[in-house]
Amino acid sequence: MRQYLKQDEWRIIEEGFSPDHHKASESIFSLGNGQMGQRANFEEAWSGPTLQGSYIAGVYYPDKTRVGWWKNGYPEYFAKILNSPNWIGIDVNIDGETLDLFKAKKVERFQRILNMQSGVLIRSFEVTLNNGQKLSVKTERFLSMKRPETGVIRYSVTPENDCKIIFTPYIDGDVVNEDSNYEEKFWNILETDASENQASLLSQTKKLDFRVAFAMKAEVTGADSSDVQPVKNENYSGNHISLRATAKKTVTLIKYIGVCSSLNYKNEELINAAKKEASNAELVGFETLLKEQKAHWENIWRLSDIKIKGDVTAQQGIRFNIFHLNQTYTGKDERLNVGPKGFTGEKYGGTTYWDTEAYGIPFFLMTAPQKVVRNLLVYRYKHLQKAIENAKKLGFTNGAALYPMVTINGEECHNEWEITFEEIHRNGAIAFAIYNYIRHTGDTNYLAEYGLEVLIGIARFWSQRATFSQDKKKFVILGVTGPNEYENNVNNNWYTNKIARWCLNYAREALDIVQKNNPGRFDEIVEKVNLDTSTESGVWKSVATNLHLPYNKDEEVFLQQDGYMDKEQITANELSPSIRPINQHWSWDRILRSCFIKQADTLQGVYLFEEEFDTETIRRNFAFYEPRTVHESSLSPCVHTILAARIGNPDKAYEMYLRTSRLDIDDYNHEVHEGLHITSMAGTWMSIVEGFGGKRVYKDGKLRLSPIIPKQWDEYAFRIRFHENDLEVNVTQNEVEVFSHADEVISLVLYGKEIRITPGKSIKEPLNVKYYA
């Protein structure tokens, strides 16, 4: 771990200037508003290590695939969310010297604060330049949640002595992606313009012709007068603002930005739309925009906050995760999804993985309006034809659908054979998300509108992917990679086979539901997808009923895959810390031959289908697999937290909770400089609500709670939505209180006992830490 940040309930605080921490801090202090976002790059010049990053949701580039050995079925390109033109830039020149903290003579009292309560990034420092001038600087920056095409910066300088200051606020289109496969630039700059206190730039992505317009308005206060000179070239536009500054007197530049893309405007409207956004922001003013920002975040926190008393470390961790989730995805646009790095870095291309369905959807289901999750599901429905085309490339027929491992437009972008072709369990996550949504919302209409078609395509895939083994007299699924990516090309991965069986059964169940509730729509779908209901449904039933699920009788555990016990069985605590994480020290061959597990694999299935297993079965599998798990995926600790709580091991649950909640803040895996792990942050929320809170919804559709509490906490509280009803759960060391914010009577199961709560009332029960035991 790298623990250089101070602990605080509502703020992420960095004190002291260290260039070695800078790229990590650029990730951790990132900002977003669902429509755009940026790493916490400095506004002024910085010549030290950096990953410049400013991103526009939905705007991407198809970077040509680069591999050493091409295989049939590989995608031709990798879609990447682009580093877009830099609009935060404000060069500062003091008596002829450019302010650059990397080159400055001395930097003191440096502080960087991310105020998560209001979504504002604040930075302050004192600096001595090489020319002897000393000054204090304070910057404040935020991306408006209320006005998602608006950003604003307030940059204040207080010199110790009289001096000449030249502010140069600018927009720069000459940017690169660090992960470009062929070191090419992805933007054309079509137009730049500048006049007094304003500037604009129109950019265009190569190949796909996305267009993004940027407009800037600048105002200076604290100076008796200033001289403004517009400046521009083919890639750049801005203003030189020269002024005389008086000792000890603060001068402030406020930069208002409008950012508009062709996703939402016609090309010919873009520049004017961006200028209008910037002008409106200037007219409203910084303080009013800040009040709007605080009010917007206050409402978000009211519904999604988790309060922990007695443990600042845990409290800061969960709020950090909730903050980044809410500023990454707002659910307003069904064309968008939750990228695994969000707006914090380039890794993974900023595109969609199965993480959204497995981790993101449980969070948004319980904290956001129903339409937010519906939009995430519709996103996949709109990609169904691409999933069918993807499966066809791999030899599947009759409308079988294989959703891509990585995508932004429905086409597969990943080009590692062991992932692209073999990590097919992703199909299961997409199907399960439909079921998960319906059981939490009661929106069975979704099946008829969209869901059933997706489930049919997925069931057709699984029925074709399975083959019948004469030796086992069972159907088998060969040559796969499970969630544990430290195993490739294995046979009969238990989780993959388990989710495949579930998908086949749920598709049959969905057919019956739609036929019963909406026979007209059912007939339309049957005709549209050319479904022979009796024949195909019979095949699905046969495969599901006879699908092989490996089991080890000696250990009495579900076996991760055929042959897993042939490996040398050692545990992760036998590894020297000097070789952790193993993916940064071992050869891939050595990893594949080892028994070590990257993330929950078999336990992922135990978590999903927990209702099918008794406590002892869960306990045995946890006791066997967790010690062999190195948790080198960000998605790993949360599932282990939930299961540890389920089997009555709060100490292990707490250990895993801290790991998932502070994975990025404390940089457990030494990679936070590449960006944050946004989708796994939803797992942190799950760790508390489903882990310590014991929240479940089983097949009977009832909401269940069975809370426990770590000994490190005095109390904790969370709010959840269920069927659009709002509940608040408070847990102390002695009791549980459930309060209803709903408009109707709510029924739920608390520690196995059915209760009813009237609107505006609560019910209290003693804490029952031994409920599962």
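One can find the structure itself at the top, above this paragraph.
Computed from a predicted model, the values in this text were never measured in an experiment. (Residues numbered from 1 in each chain as written. Predicted model: local features only at pLDDT ≥ 70, side-chain atom pairs only at ≥ 80, totals over all residues. Heavy atoms only, no water.)

Participant: I tried to follow the overall build of the protein on my own but got confused; where do I start?
Facilitator: Check the secondary structure of the protein and you find 19 helices and 33 strands. Relative to a compact globule of 773 residues, whose C-alpha radius of gyration would be 28 Å, the protein shows 27 Å and is just as compact. For the protein, the residues scored as buried account for 63% of the 773 residues in total. Across the protein, every contact between residues at least 6 apart in sequence was considered, and the portion connecting residues at least 24 apart equals 68%. Surface accessibility of the protein: about 28,800 Å² in total, with carbon and sulfur atoms responsible for 45%. Of note, the protein has its 92 positive side-chain charges centred 1 Å away from the centre of its 104 negative side-chain charges. (Helix = DSSP H or I, 4+ residues; strand = E, 2+ residues; numbered from the N terminus. Rg over C-alpha atoms; globule rule 2.2 N^0.38 Å. Buried < 20%, exposed > 50% of the residue type's maximum accessible area, 1.4 Å probe, protein only. Contact = heavy atoms within 4.5 Å. Areas by Shrake-Rupley, 256 points an atom, 1.4 Å probe, with all protein chains shown as cover. Lys, Arg positive; Asp, Glu negative; His and termini not counted. Charge placed at Lys NZ, Arg CZ, Asp CG, Glu CD.)

Participant: So what exactly am I meant to see when it comes to the packing of aromatic side chains here?
Facilitator: Aromatic ring pairs: the centre-centre distance and the angle between the two ring planes describe each pair. Applying the stated criterion to the full structure yields 49 aromatic pairs. Considering the side-chain rings of Phe42 and Phe110, the 6.2 Å spacing of their centres and the 50 degrees angle between planes classify their relative orientation as tilted. With a gap of 68 residues between them, Phe42 in the loop between β4 (36–38) and β5 (54–56) and Phe110 in strand β10 (residues 106–115) connect regions that are remote in the sequence. We note that Phe42, like Phe110, is buried. A ring pair is formed by Tyr716 and Phe718, whose centres lie 6.3 Å apart and whose planes are at 20 degrees; its orientation type is stacked. Taken together, Phe17, Phe42, Trp46, Phe102, Phe110 and Phe125 form an aromatic cluster joined through their ring pairs. Over the face of the ring belonging to Phe42 we find Arg123, whose NZ or CZ atom lies 4.1 Å from the ring centre. The ring of Trp10 has Arg319 lying over it, and the distance from NZ or CZ to the ring centre is 3.7 Å. (Phe/Tyr/Trp six-rings, centres within 6.5 Å; stacked < 30°, edge-to-face > 60°. Lys NZ or Arg CZ within 6 Å of the ring centre and 35° of its normal.)

Participant: What is the right way to look at empty space enclosed by the protein in this model?
Facilitator: To find the voids left in a structure, one rolls a probe of water-molecule size over its atoms. Throughout the structure, instances matching the rule amount to seven cavities of 30 Å³ or more. Reported here for the largest cavity is a volume of approximately 410 Å³. Every residue lining the largest cavity is counted, 28 residues in all, and those nearest its centre are Phe432, Asn436, Arg439, Tyr607 and Leu608. Secondary structure elements with two or more residues in the lining of the largest cavity: α5 (355–367), α9 (426–441), α11 (494–517), α15 (602–608) and β26 (696–697). Ranked by the residues each element gives to the lining of the largest cavity, the list is headed by α9, at seven residues. Of the residues contributing to the lining of the largest cavity, the split by class is 16 nonpolar, three polar and nine charged. (1 Å grid on protein atoms, 1.4 Å probe; cavity = no way out; pocket = protein on both sides within 12 Å on 5 of 7 lines; lining within 4 Å. Points joined across faces, edges and corners; volume = space filled by probe spheres on them. Nonpolar A, V, L, I, M, F, W, Y, C, P; charged D, E, K, R; others polar.)

Participant: How should the side chain of Ser237 be read in this particular structure?
Facilitator: Among the secondary structure elements, Ser237 is positioned in strand β19 (residues 236–245). On the accessibility criterion, Ser237 (0% relative accessible area) is buried. Reaching out from Ser237, the side chain makes a polar contact with the backbone oxygen of Ser200 at a distance of 2.9 Å. Ignoring any residue separated from it by four or fewer positions in sequence, one finds Ser237 in contact with Pro169, Tyr170, Ile171, Thr192, Asp193, Ala194, Ala199, Ser200, Leu201, Val231 and Lys232. (Polar contact = N/O pair within 3.5 Å; in protein donor to acceptor, adjacent residues only side chain to side chain.)

Participant: What's the story with the layout of surface pockets in this structure? I'm lost.
Facilitator: Within this model, the largest pocket holds a volume of roughly 1,200 Å³. Lys347, Tyr348, Tyr353, His414 and Glu416 are, among the 45 residues lining the largest pocket, the residues nearest its centre. Contributions of two or more residues to the lining of the largest pocket are made by β7 (77–81) and α8 (417–420). Partitioned by chemical class, the residues of the lining of the largest pocket number 14 nonpolar, 14 polar and 17 charged.

Participant: Quick question: what am I supposed to make of the pairing of strand β21 (residues 306–309) here?
Facilitator: Side-chain direction in a regular strand flips from residue to residue, so the side chains alternate between the two faces of the sheet. Burial along β21 is one-sided: Ile306 and Ile308 are buried, while Lys307 and Lys309, pointing the other way, are not. The pairing of β21 with strand β28 (residues 715–722) spans four bridges and is classified as antiparallel. Among the inter-strand pairings, Ile306 is bridged to a residue of β28, identified as Phe718. (Pairing = 2+ DSSP bridges.)

Participant: Quick question: what am I supposed to make of the environment of Thr679 here?
Facilitator: Mapped onto the elements, Thr679 comes out in helix α19 (residues 678–692). Beyond its immediate sequence surroundings of up to four residues, Thr679 is in contact with Val338, Gly339, Pro340, Asp355, Thr356, Tyr359 and Leu635.

Participant: How should the environment of Asn239 be read in this particular structure?
Facilitator: Secondary-structure assignment places Asn239 in strand β19. Each C-alpha atom, one on Asn239 and one on Glu196, is 7.0 Å from the other, the two residues being 43 residues apart in sequence. Only 2.5 Å separates the side chain of Asn239 from the backbone nitrogen of Asn197, close enough to count as a polar contact. A distance of 3.2 Å separates a polar atom in the side chain of Asn239 from the backbone nitrogen of Gln198.

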